[in-house]
Amino acid sequence: MKPLLIVKKQGVYGSLQDQGREGYRAFGVPRSGPMDSVSFQAAHTIVDNATADQTSFEMFIGGFEFQALNDGIYVLTGATCLCLLNGRPIEMWKTFQLFKGDILSIKSVNNGSIVYLTPKGGFQTDLILGSKASLPMVGSTPGVGSVLYGQYVAALPLTRGLYAPYRPYFHTAITVRVFKGPHFQLFTEASRQQFLSSPYQFSGGNRMGYYLKGNVLDLKTRKDILSEATQFGTIQVPQNGQPIVLMADAQTVGGYPIIATIHEDDLHKVAQMRMFNTIRFVLMEESYAN
Amino acid sequence: MKQIIEFPHTMWISQYTIRFAFDEVISQENFQLVQQFNRFLKKMLHTNLIESVASYHTVTAYVKHQVDIAFLQEQWLTMQRNAYVGEATSQPLQIPICYDEEFALDMHRVMNVTALPFEAIKKLHMDKVYSVYLIGFLPGFPYLGDLHSQLFVPRLTKPRSLVSAGSVGIGGLQTGIYPLDSPGGWNIIGKTPFTLFDIHRKAPFLFTLGGQVQFYEITKQAFLEIKEKECSN
């Protein structure tokens, strides 16, 4: 492994992410992996990383600063933010080179909330339960002073990138497809309608869950349900009636009623939500859910 | 003649997730049924199954592509007619616990609620062979049941901000062990020197969903000796 960067300043939250870990959910370990798989995947396509090397550093909002410990090729994807290389703005979605000693700063974000920093060859780290994704409960999340490693790879002959029209734009109001949850029918008719017809506002969150605020969702009768498996995209409703979307690092089982589950292909849109953004839910066709 | 077990209620949770639900009750029978169905699914779906998570009454299957539910139903019935899926035959895992006052943080609360002396509480706690009904909340946190009904004590109204790893708690109908230092609201009655979750261990997790567990008491001296051995490994 080759030392690539040292973390000089830490923003809200940073973690290494690959495609996530499989086979440990039955032991209570979440799948993890990128919150916005589209921006993540685009990065690896741009720097042409093999599947096994697809590991990025995922950052919530800005505030991160890195110093290069070696030369390397990188790309920044995801939320639109001001990125400075030795104090000068650089373009996202396009490869750039860092030379030893260079300072890369991720400043304010003005569209979306999650940014990926991806080196050619991917970040390298010891596997934890078969994956390079950080597992916060066991204290493997990089912080100030942490060194991020990569590998020795041939430089790219040309600058590569994604043309501007193809780059995602993160809308302040989104609509996502949902499947009925196992407890959908336990909600009042009025609540089911509210859920499918009124917008919900993002009111905070992290890699475990996004909190939404809107019309209160009530059960027909106050009833405790038994805990069962959840996933990235599960929308559960605690006693206060305000939905929570479980995200990539969420616990594997939950005991709150599940009103719906977000379609896997729409999760990247949810991931990039930020304060005051709104989300609407549209039900997938009945036939799909048997 | 053995009664045919009906195929569980089936529902697609999303494109790649299927939920199979039996009756929504906590019971040993339901538990055996869920475990049996989980084994059946693993066998039938084979490489199409990424993983599955069983709970008290459900098995949730995470799959790579669509599954023919009608075919599964047919197989479930055929299998019951012809072969025996088998039960978990393994011996209960023996877990040492030190019930010393130093570790039993909620000793007095539990004694008050149950109106039992602590000796009786320990005995009731150790008498049962528990099943791992569920693992969750934290990596490797086992929800063990059924707890003796005399030990039903509501969870703390204000959870502790820190419960140390290895702490053994009772909460509602269940008992469990904290695999990691974490906040928690169960009534703590003892501590195990065993490490429940270690990513560097060959078998990272001590407990397996569907497994069986029994507790035995150790002294504080024995606790410290085992702990030391665990740490030097």
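Residues numbered from 1 in each chain as written. Chains lettered and ligands numbered in written order. Predicted model: local features only at pLDDT ≥ 70, side-chain atom pairs only at ≥ 80, totals over all residues. Heavy atoms only, no water.

### Re the domain arrangement of chain B
All names here are of chain B.
Link 1 in the chain: You can read the domains of chain B as domain 1 (9–82) and domain 2 (93–232).
Link 2 in the chain: If you average the C-alpha positions of domain 1 and of domain 2, the two centres end up 30 Å apart.
Link 3 in the chain: Facing eight residues of domain 1, the contacting portion of domain 2 comprises 11 residues.
Link 4 in the chain: Surface buried jointly by domain 1 and domain 2 totals about 860 Å² across both partners, of which 60% is contributed by carbon and sulfur atoms.
Link 5 in the chain: Sorting the residues of domain 1 by area buried against domain 2 places Q28, F31 and Y56 first, and these three jointly supply 56% of that buried surface. (Domains from an automatic or database assignment. Contact = heavy atoms within 4.5 Å. Buried area = accessible area lost by both parts, 1.4 Å probe.)

### Overview of the domain arrangement of chain A
A common measure of how large an interface is: the accessible area buried when the components associate.
All names here are of chain A.
Link 1 in the chain: What the domain assignment reports for chain A is domain 1 (2–166) and domain 2 (173–289).
Link 2 in the chain: Distance from the C-alpha centre of domain 1 to the C-alpha centre of domain 2: 29 Å.
Link 3 in the chain: Between domain 1 and domain 2, the residue contacts involve 27 residues of the former and 16 residues of the latter.
Link 4 in the chain: The junction of domain 1 with domain 2 conceals about 1500 Å² of combined surface from both sides, 52% of it contributed by carbon and sulfur atoms.
Link 5 in the chain: Sorting the residues of domain 1 by area buried against domain 2 places R25, P30 and M35 first, and these three jointly supply 34% of that buried surface.
Link 6 in the chain: For the pair domain 1 and domain 2, the interface holds one salt bridge.
Link 7 in the chain: Here R207 and E58 are joined by a salt bridge, their closest N and O atoms 2.7 Å apart.
Link 8 in the chain: Viewed at the interface, domain 2 and domain 1 are joined by 12 residue pairs in polar contact (both at pLDDT 80 or more).
Link 9 in the chain: With six residues, the top contributor of residues to the side of domain 1 that touches domain 2 is strand β8 (residues 103–119).
Link 10 in the chain: Split into classes, the residues belonging to the side of domain 1 that touches domain 2 amount to 11 nonpolar, 12 polar and four charged. (Salt bridge = Lys/Arg side-chain N within 4 Å of Asp/Glu carboxyl O. Polar contact = N/O pair within 3.5 Å; in protein donor to acceptor, adjacent residues only side chain to side chain. Helix = DSSP H or I, 4+ residues; strand = E, 2+ residues; numbered from the N terminus. Nonpolar A, V, L, I, M, F, W, Y, C, P; charged D, E, K, R; others polar.)

### A word on the side chain of D266(A)
Residues and elements named next belong to chain A.
Link 1 in the chain: Relative to the helices and strands, D266 resides in the loop between β17 (258–262) and α3 (267–271).
Link 2 in the chain: Since its relative accessible area comes to 6%, D266 is described here as buried.
Link 3 in the chain: A distance of 2.8 Å separates a polar atom in the side chain of D266 from the backbone nitrogen of R177.
Link 4 in the chain: When residues no more than four places from it in sequence are discounted, the contact partners of D266 are V176 and R177. (Buried < 20%, exposed > 50% of the residue type's maximum accessible area, 1.4 Å probe, protein only.)

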